[in-house]
Structure formats: structure tokens, C-alpha cells
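Listed here are the chains, written in short residue letters.
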Amino acid sequence: HLDARQARACTFVLDLAIFHAFTTMTSVSVISGGADGEGMFAFFGKSFYHMTIIPLVLLTALLAWQARPSTSEELPKGFRKFQVSYLVVWVFCVASDWLQGPYVYALYHDYNFSRQEIAELFVAGFCASLVFGAIVGTVCDKYGRKNCALAYCFLYIVSCLTKHVKSYSCLMFGRVTGGVATSLLFSCFECWMVSEHLTRNKFSSGLLSYMFGMMFTIMYLVAIISGVVGEFLADSAPLQPVASNSSIHWGGALGPFDLAIVCLIIGAVLIMFLWEENYGQEPPDHDSRGHSESSMISTFTESLRLCANNRRMWLVGLIVATFEGSMYAFVFNWTPALQSDVVPPPFGLIFALFMMACMSGAAVATLTDQMTTPGTRLAVAFATGAIALTVAATCSGNLQLSFFSFLIFEFCVGMYFPSIGIVKSEVVPERVRGTMYNIYRVPLNAVVVALLLTNMSIVRIYELCALLLAVAFVSIMAIMSSPAPYMPEMKVNNV
């Protein structure tokens, strides 16, 4: 176990790492600008995107420093060991997801697939989450969160490997496995952490809030670094077949996927050695395996019954569907919204700036944790995000206003995730947590698929997203005004 002095030293090292990451990224950008004969001031004056770098880097570094992992509670014995064992796994597993995101469309485009075929591949991934999400959650509760985390690593490795094959059917299979893996990433990892925190170790809810703030702050830092590293790998070698007339390729946009495989292998090894298993219900034994199917159905139906009878639970599902649906719609539409021949958008830089805004939002959520409730923070995020997307919709021809509106929305995204994590941990019973988290993803993916299959203009999409955020605002206000219903004591077995 780490003593208090070692813990403070680790925190200080983390602070330096965060600050060093930002300064290194800025230095790389300046050097790359200087390679073309331009000086520092010329680089930062290229466009309003470049002029945003320094103030946003400074703001994010300041907020990250102020929001560095800290709590007024005395850390109980074993907490630091638990924290490290979870976060080190989280870093590698979430990095594998961030490395892939910016290059999926680019890879399909380099393979010369049509826009319609690319859209079908994207929809396949979301449909996989839509169809298999609730089943995956039930399996997670029944057969263990550690086992499902290992399954995430395996499925995503398979998905990454399929990217090397220029075959529509092979890539479609990879999108399906990737869709299931995404459901696992944003359910079983959080469920494992919450269960270990509250049930096995019996740490306080205040420390759980601290864990969520740390978890998502690190996630956005990893996203920034992954974007920079991924761009370097994608530019290091051209995409080409391994042999003449071969359908198997290497190089180009495949570089980030290969690094993702490495991260997944490391993550799987760490999970095997650092994590213990936990369940949402009784673990299966040799005498009860015959009843596993009926038990899974029972867990699923119980989750639906609880959701139908508990107003707060279905309101949380409505919030997840509306806000995160708007977030994914934004992800698919910000690129064409900023496309311009007059001011060509540097997409890699813009992605990094968005992630800085997200990290700033997560830091603010951590800084205000002792002063506000998670519900209050969510209400502010929903109202602010709705205004930002309304501005983006009404000023779609103004690139600067659109860009800064997008930054504000990304800031709200950063506030959302650590705050909604606390709300879900308070509302959803432990015995059905994994199942319910994935049930929440079903309407979310339905919203995303519906938006992808429509031919609405960008303006209409952002108007609809602002309306969805207004629904999320009303929902969180209803949750805050509703008393928590009585829940009988639940027994959770850990092995």
C-alpha cells in the first residue's frame, strides 16, 4: 500500500505529467510550423483555430492543476492500491478506443468505399450496440465484470485486425464486434469499479465522486495524447497492400489501429493480474449453470420492471438517450459544419482542442464537487449545451461562432460524464447495474441510428440536438425534485 507521502508524490508526478503533455503537444505544433519556415507567431496566427491553442492549453492546464486528484476525506487503507489497479487498466483500454475513432471513416475512404457503404458500416456498429447491448449487460452481471472486461479486449482486437482487410463483409464483421466491445467499455468497467468501491472495499460515496473525476480527467488527457500519436502514426507510412493484388493492407490510417491492439493486449494482461471478479448477482457454480439462461432472462425482466416502476430510473435513461444521442450526432456533423475553402480546418488540431475543452469540463466537475450536487452540474451542462447548439444552428455560416459554440458544447460533455456516473450509481441498484446501464444504451443507439439514416441538414440536426438537451434539462430537474424510493438491502457476492 502507498503511504501518505508516497501518495502525495504520485499526485505531484501526475500533475507534472499533465502539464508536460500539454506543453509537449504545443511544442510539437510549433516545431511542425517552423519546419515550413514559419516562426512561432506565424504558426499561432494561421487561423482562429491556431489562435485558440495557447489560451485553451493554459486554461486546461490550470484547471487540471487545480482539479488534481484530492479529497478532504482521509484515504482509507487500500484505497490507493484500488485506485491504481483500476486507473492503469482504464488508461490502456480507453486509449485503444480513442486511437481508433478519428481514423475509421478515413480508412474506409482510403479503401475507396462509397459514402453509402461507409454509412452502412457505421450504422452496423451502432446497431450491434442497440441489439446486443442489453444482453451484454445481463451477461456482465451474471458471469462477472472482470470476464467481460477481458471480452472487451478480445472483441476489440478482432475488430482492429479486420481493418487490415479490404473487404466489405470482413469490415462489417469488425464493426459488429466493435459495437459490442463499445457497450462493454462503457458498462462493465464502470460497474466493476463501482462494485469494488462500494461493496467489496466499502469506501465512501465522496471518494466515489473523486474516482469518477479522476477517471474522466485521465480519459480526456489520454484522448489528447492519442490524437497526436495517432496522427503521427497515420502519417508515418502510406496505406498499401502487403503484396501485389493482396486485400490485406498495412500503413496509413492502420497505424493507430495497430497501436490500439498493443494497448488492448497490455490492458488484458493487467486485468488478469490486478483485478478480482465481482458480479451483479450470485456467481455461477457447477450446480446452477443449467439455470443460467432463465436467470439472465429474470435479471433482464427485473431490470425492466424496476425501470418501469421507478420514475428516477427511467428519467436517467431518458437523459442518457437525449444527451449522449446529441453528442454522437455532433461527432458526425462537426466536420462538414466547419468545412471551408477560405479557412481550411486542421481537423487533428480541432480534435485536440475539443478534447481540451472536455478535460476542462471534467476538471470543473471535480472542482465544484463539494459545492454543488451532480444534478445541479448536469442541469447547468444541459442548459449551456442547448444554448451553444442553438447558436451553432442559427449561425451556421459563421465559422468562428460555430467553432466556439462547439468548444462550449464539448466543455458541457466533460462536465456530464463524471456527474451522470454519480447519479446512475445512486439510482440504479447494484444487482442489475450492468444490465440497466446497457438498457440505457438501447434508446441512445436508436436515436443515433435514426439521425444517421435521415437526410436532415446540419442546421436541422443541431436544432434537434438543442431540443433533446432541453428534454434532458427537464428530466434532471424532475429527478432532483423526486424523493428517492425505498430500496431493500441488496446482497452482492464477490469472488
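Above this text is the structure in question.
Scoring rules and cut-offs
Residues numbered from 1 in each chain as written. Predicted model: local features only at pLDDT ≥ 70, side-chain atom pairs only at ≥ 80, totals over all residues. Heavy atoms only, no water. Helix = DSSP H or I, 4+ residues; strand = E, 2+ residues; numbered from the N terminus. Buried < 20%, exposed > 50% of the residue type's maximum accessible area, 1.4 Å probe, protein only. Contact = heavy atoms within 4.5 Å. Areas by Shrake-Rupley, 256 points an atom, 1.4 Å probe, with all protein chains shown as cover. Axes fitted to C-alpha atoms, helices over the stretch in contact; angles between N-to-C directions. Parallel < 35°, antiparallel > 145°, perpendicular 65-115°, else oblique. Left-handed = near helix turned anticlockwise from the far one by under 90°. Nonpolar A, V, L, I, M, F, W, Y, C, P; charged D, E, K, R; others polar. Patch = residues over 30% accessible without salt bridge, like charges linked within 9 Å, V, L, I, M, F, W, Y side chains within 5 Å. Salt bridge = Lys/Arg side-chain N within 4 Å of Asp/Glu carboxyl O. Core = buried A, V, L, I, M, F, W, Y, C linked by side-chain atoms within 4.5 Å. Polar contact = N/O pair within 3.5 Å; in protein donor to acceptor, adjacent residues only side chain to side chain. Phe/Tyr/Trp six-rings, centres within 6.5 Å; stacked < 30°, edge-to-face > 60°. Disulfide = S-S within 2.5 Å.

Draft legend 1. Fine view of the overall build of the protein chain. Each helix and strand counted, the protein chain has 19 helices and two strands in total. Looking at the protein chain residue by residue over its 495 residues, the buried ones come to 55%. In the protein chain, 84% of the contacts between residues at least 6 apart in sequence involve partners at least 24 apart. Total accessible area on the protein chain is roughly 21,100 Å²; 66% of this is exposed by carbon and sulfur atoms.

Draft legend 2. Expanded view of the packing of helix H8 (residues 145-162) against helix H9 (residues 168-185). Contact geometry for H8 and H9: axes closest at 8 Å, N-to-C directions at 155°. The orientation of H8 with respect to H9, classified from their angle, is roughly antiparallel. Considering only the axes of H8 and H9, their crossing is left-handed. Contacts from Cys148, Ala151, Tyr152, Leu155, Tyr156, Val158, Ser159 and Thr162 in H8 reach Cys170, Leu171, Phe173, Gly174, Thr177, Gly178, Val180, Ala181, Thr182, Leu184 and Leu185 in H9. A per-class count over the contact of H8 with H9 returns 13 nonpolar, six polar and no charged.

Draft legend 3. View of a nonpolar patch on the surface. On the surface, Ile265, Val269, Met272, Phe273 and Leu274 cluster together to form a nonpolar patch covering roughly 500 Å² of accessible area. Structurally, Phe273 can be placed in helix H12 (residues 254-274).

Draft legend 4. Up close: the side chain of Thr162. Structurally, Thr162 is set in helix H8. Every residue in contact with Thr162, bar those within four places of it in the chain, is listed here: Cys170, Leu171, Phe173 and Gly174.

Draft legend 5. Highlighting the nonpolar core. Membership of the largest hydrophobic core comes to 141 residues, with the highest contact counts inside it found for Tyr86, Tyr152, Phe189, Met193 and Tyr220. Here the element with the most residues in this core is helix H11 (residues 205-236); it accounts for 16 residues. Grouped together as the second largest cluster of nonpolar side chains are seven residues, Leu63, Ala67, Cys412 and Met415 included.

Draft legend 6. Up close: the environment of Lys77. Turning to its location among the elements, Lys77 is positioned in the loop between helix H4 (53-66) and helix H5 (79-100). Under the relative-accessibility criterion, Lys77 is labelled exposed at 75%. Between the C-alpha atoms of Lys77 and Phe203, which are 126 residues apart in sequence, the distance is 9.8 Å.

Draft legend 7. Structural view of the environment of Asn278. Mapped onto the elements of the fold, Asn278 is located in the loop between H12 and helix H13 (292-309). For the pair Asn278 and Lys142, spaced 136 residues apart in sequence, the C-alpha to C-alpha distance is 9.5 Å. A polar atom in the side chain of Asn278 sits 2.9 Å from the side chain of Glu196.

Draft legend 8. Local environment of the packing of aromatic side chains. Across all of its chains, the model carries 32 aromatic pairs by this definition. With a centroid separation of 5.3 Å and an interplanar angle of 65°, the aromatic rings of Tyr152 and Tyr156 are classed as edge-to-face. With Tyr152 and Tyr156 both in helix H8, this residue pair falls four residues apart, about one helical turn.

Draft legend 9. Representation of the packing of helix H16 (residues 374-394) against helix H19 (residues 458-481) within the structure. Where H16 meets H19, the closest approach of the two axes is 8 Å, and the angle between their N-to-C directions is 165°. Considering their axes alone, H16 and H19 lie roughly antiparallel with respect to each other. In this structure, H16 meets H19 at a crossing whose hand is left-handed. Residues Gly375, Thr376, Leu378, Ala379, Phe382, Ala383, Gly385, Ala386, Leu389, Thr390 and Ala393 of H16 lie in contact with H19, whose contacting residues are Val459, Tyr462, Glu463, Cys465, Ala466, Leu469, Ala472, Phe473, Ile476, Met477 and Met480. Residue composition of the contact of H16 with H19, grouped by class: 17 nonpolar, four polar and one charged.

Draft legend 10. Molecular detail of unusual backbone geometry. Positive phi outside glycine occurs at Lys202, with the angle close to 55°. With respect to the helices, strands and loops of the structure, Lys202 is situated in the loop between helix H10 (188-200) and H11. Look at Asn245: it is not a glycine, yet its phi comes out positive at around 65°. Mapping Asn245 onto the fold places it in the loop between strand E1 (240-241) and strand E2 (249-250).

Draft legend 11. Layout of the state of the cysteines. Tallied over the entire structure, the rule returns zero disulfides. Its sulfur unpaired, Cys140 is 4.4 Å from the next cysteine sulfur, which belongs to Cys148. Of all cysteine sulfurs in the structure, the one in Cys93 sits closest to Cys153, which takes part in no disulfide; the separation is 4.0 Å. For Cys153, a relative accessible area of 1% gives the class buried.

Draft legend 12. Representation of the pattern of salt bridges within the structure. For the structure shown, the criterion picks out four salt bridges. A salt bridge links Arg200 to Glu276; its shortest N-O distance comes to 3.7 Å. Within this pair, whereas Arg200 is found in helix H10, its partner Glu276 is found in the loop between H12 and H13, the two being separated by 76 residues in sequence. Residue Glu276 is classed as partly exposed on the basis of its relative accessible area, which comes to 44%. Between Asp369 and Arg377 there is a salt bridge, with the nearest N and O atoms lying 3.6 Å from each other.

The analysis is restricted to geometry; functional conclusions fall outside its scope.
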